[in-house]
Amino acid sequence: MINSRSFRFLTGIRSFSSSSSVMSSPRHLLSISDLSPAELERVVDRAGEYRELIKSKGLSSTAENLPLLGHTVALMFSKRSTRTRVSSEVAVNYLGGHPMFLGKDDIQLGVNESLYDTGRVISSMTSCMVARVGPHSDIAGLAAASSVPVINALCDSYHPLQAIADMLTIKIAFKSVKGLKFAWVGDANNVLNDSTHACAKLGINVSIATPEMYPVDEAHFNKVKASAAISGSTVEISHDPKTAVRDADVIVTDTWVSMGQESEKQARLAQFKGFKVTSEMASEASDEWKFMHCLPRKQEEVSDEVFYSDRSLVFDEAENRLYAMLAALEAFVAKKGVIM
Ligand code: CP
Ligand code: NVA
């Protein structure tokens, strides 16, 4: 059965060696693994430069700074979004381009057309595809079919734009990031995978507690540990929130029920008992600990007392999604993946 509500392959990916239109190999941003530590640092710094610029001069860009003038960016979203959609549309517009939003009910994809054919066609008319999908294989499939850069706007495994914004948020809050402790308490999900990989690449120590039922992806965390070994940071993985947050500078969580897992909600709420972030849980964190959450937030994973406290960076983190998107579009579309 074809699920019309998700962007899935209807047919396998065909070899495109015979293709005339998919000749170049654009550089894609599918996960934080696609950036070297130096490139990640540069993209985060560039996001910070956009932040300064916009905060001092406002959101309207100048005519001489429109690298996407005349370019259309397709925004293909198979799942709901507030921050990613708005930051993408505003960022493309700021850079002089045209954002074309294509929701799951707007195009033939997943109903009458395969991901491969759709990717070939849309990339032949646009300068970039920003896509929010289900399985990682969908975004990888889109990239394989595309003649233009593909930017992952969230898949079930990764969320690189969130990770870039998170690193900017930590940098602004703490100035120097190397040696900080980033503690994740919650689900082993897409946001965890890329945010912790970004931490490991930038020299931030990572400590994770997930319920036993939801262990981290071992293959991915082998990569995270390899990045940590290069930067000199550490990665600790457990099922004990109290231990994970001890001496933490940043305590982070996310929803316990990600998009696509709605049918598991009741079971998950029971299995995550003891994982709600509260000030009591954080009693042994660093004196200056801060709280982060990518949003949208549900009541169960963090107390109001923490979420709306002075320790909470969540609304800066959300705003920083705009600057992260500006930096990503500049790097992958305007500069074609040359990040210096
Ligand atoms: N954090 C985030 O990606 O939010 P949206 O789902 O609203 O885009
Ligand atoms: N883990 C969440 C993140 C939402 C931005 C989800 O995938 O639904």
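Residues numbered from 1 in each chain as written. Chains lettered and ligands numbered in written order. Predicted model: local features only at pLDDT ≥ 70, side-chain atom pairs only at ≥ 80, totals over all residues. Heavy atoms only, no water.

> Quick one: what's the story with the overall build of the protein, residue by residue and with numbers?
When helices and strands are counted, the protein shows 11 helices and nine strands. For the protein, the spread of C-alpha atoms along the principal axes amounts to about 60 × 50 × 35 Å. Taking all 340 residues of the protein together, the buried fraction comes to 56%. By sequence separation, contacts in the protein at least 24 residues apart represent 76% of the contacts at least 6 residues apart. The positive charge centre, built from 36 side chains, and the negative charge centre, built from 40, are 3 Å apart in the protein. (Helix = DSSP H or I, 4+ residues; strand = E, 2+ residues; numbered from the N terminus. Buried < 20%, exposed > 50% of the residue type's maximum accessible area, 1.4 Å probe, protein only. Contact = heavy atoms within 4.5 Å. Lys, Arg positive; Asp, Glu negative; His and termini not counted. Charge placed at Lys NZ, Arg CZ, Asp CG, Glu CD.)

> Please set out the site of ligand 2 residue by residue, giving values where relevant.
The local shell around ligand 2 consists of Leu 154, Asn 189, Asn 190, Val 191, Asp 254, Thr 255, Ser 258, Met 259 and Leu 295. A distance of 3.3 Å is found between a nitrogen atom of ligand 2 and a side-chain nitrogen or oxygen belonging to Asn 189. The separation between a nitrogen atom of ligand 2 and a polar side-chain atom of Asp 254 is 2.7 Å. With the chains in place, 94% of the 270 Å² that ligand 2 exposes on its own is no longer accessible. Residue classes in the shell around ligand 2 are distributed as four nonpolar, four polar and one charged. (Near = heavy atom within 4 Å. Polar contact = N/O pair within 3.5 Å; in protein donor to acceptor, adjacent residues only side chain to side chain. Areas by Shrake-Rupley, 256 points an atom, 1.4 Å probe, with all protein chains shown as cover. Nonpolar A, V, L, I, M, F, W, Y, C, P; charged D, E, K, R; others polar.)

> Describe the sheet that holds strand β3 (residues 128-132), listing the residues and the values that go with them.
Sheet architecture is open: four strands sit in the order β2-β1-β3-β4, paired in parallel fashion. On the outer flanks of this sheet lie β2 (98-103) and β4 (150-152), each paired with one strand and no other. Direction aside, the axes of adjacent strands within the sheet are offset by 20 degrees on average. Where strand β1 (residues 72-77) lies against β2, six bridges are found, and the strand directions are parallel. In the strand pairing of β2, Ala 74 is matched with Met 100. The strands that helix α4 (residues 136-145) touches are β1, β3 and β4; relative to β4, the one it contacts most, it runs at about 170 degrees. (Pairing = 2+ DSSP bridges. Axes fitted to C-alpha atoms, helices over the stretch in contact; angles between N-to-C directions.)

> I'd like a rundown of the pairing of strand β9 (residues 290-293), residues and numbers included.
Two elements, strand β8 (residues 250-253) and β9, share four bridges in a ladder whose sense is parallel. When the bridges of β9 are listed, Ile 251 appears paired with Phe 291. Since β8 and β9 lie parallel, the crossover through helix α9 (residues 265-271) that links them has a hand, and here it is right-handed. (Right-handed = clockwise from strand over helix to strand, strands pointing away.)

> Mind laying out the packing of aromatic side chains, listing which residues take part and the relevant values?
Inspection of the entire model under this criterion finds eight aromatic pairs. Relative to Phe 101, the ring of Phe 77 has its centre 5.5 Å away and its plane inclined at 45 degrees; by these criteria the two rings are tilted. Taken together, the residues Phe 77 in strand β1 and Phe 101 in strand β2 connect sequence positions 24 residues apart. Ring centres of Phe 291 and Phe 307 lie 6.5 Å apart, and the angle between their planes is 65 degrees; on these two criteria the pair is classed as edge-to-face. (Phe/Tyr/Trp six-rings, centres within 6.5 Å; stacked < 30°, edge-to-face > 60°.)

> Let's hear about the pattern of salt bridges: which residues, and what values?
For the coordinates displayed, the defined rule picks out 14 salt bridges. Between Lys 171 and Asp 45 there is a salt bridge, with the nearest N and O atoms lying 2.8 Å from each other. With Lys 171 in helix α5 (residues 160-174) and Asp 45 in helix α1 (residues 37-57), this pair connects stretches of sequence that are 126 residues apart. We classify Lys 171 as partly exposed; its relative accessible area is 25%. Asp 45 sits in the partly exposed class, given a relative accessible area of 28%. Glu 49 is paired through a salt bridge with Arg 46; the nearest N and O atoms lie 2.7 Å apart. (Salt bridge = Lys/Arg side-chain N within 4 Å of Asp/Glu carboxyl O.)

> Explain the site of ligand 1 residue by residue, including any values.
In the vicinity of ligand 1, the residues found are Ser 81, Thr 82, Arg 83, Thr 84, Arg 132, His 159, Gln 162, Cys 294, Leu 295 and Arg 321. Here Ser 81 contributes a side-chain N or O atom positioned 2.6 Å from an oxygen atom of ligand 1. Between ligand 1 and the protein, one listed contact pairs an oxygen atom with a side-chain N or O atom of His 159 at 2.8 Å. Protein chains bury 96% of the 260 Å² of accessible surface belonging to ligand 1 in isolation. In terms of residue class, the shell around ligand 1 is built from two nonpolar, five polar and three charged.

> Give a description of the environment of Glu 319 that names residues and reports values.
Residue placement: Glu 319 occurs in helix α11 (residues 314-334). For the pair Glu 319 and Arg 83, spaced 236 residues apart in sequence, the C-alpha to C-alpha distance is 8.2 Å. Within polar-contact distance, the side chain of Glu 319 engages the side chain of Lys 55 at 2.7 Å. At 2.5 Å, the side chain of Glu 319 and the side chain of Tyr 323 are in polar contact.

> Run through the packing of α1 against α11, naming residues and quoting values.
Running from N to C, α1 and α11 point in directions that differ by 120 degrees, and their axes come no closer than 8 Å. As far as their axial angle goes, α11 and α1 are oblique. Where α1 crosses over α11, the handedness of that crossing is right-handed. Counted together, Val 43, Arg 46, Ala 47, Tyr 50, Arg 51, Ile 54 and Lys 55 of α1 and Glu 319, Asn 320, Tyr 323, Ala 324, Leu 326, Ala 327, Glu 330 and Ala 331 of α11 form the full contact between these two elements. Here the contact of α1 with α11 is built from residues that sort into nine nonpolar, one polar and five charged. (Parallel < 35°, antiparallel > 145°, perpendicular 65-115°, else oblique. Left-handed = near helix turned anticlockwise from the far one by under 90°.)

> Describe in detail helix α2 (residues 83-94), supporting the description with residues and values.
The first and last C-alpha atoms of α2 sit 16 Å apart over 12 residues, in line with the 16 Å expected at 1.5 Å per residue. Those residues of α2 hidden inside the fold are in contact with α1, β1, β2, β3 and α11. (Expected span 1.5 Å × (residues − 1).)

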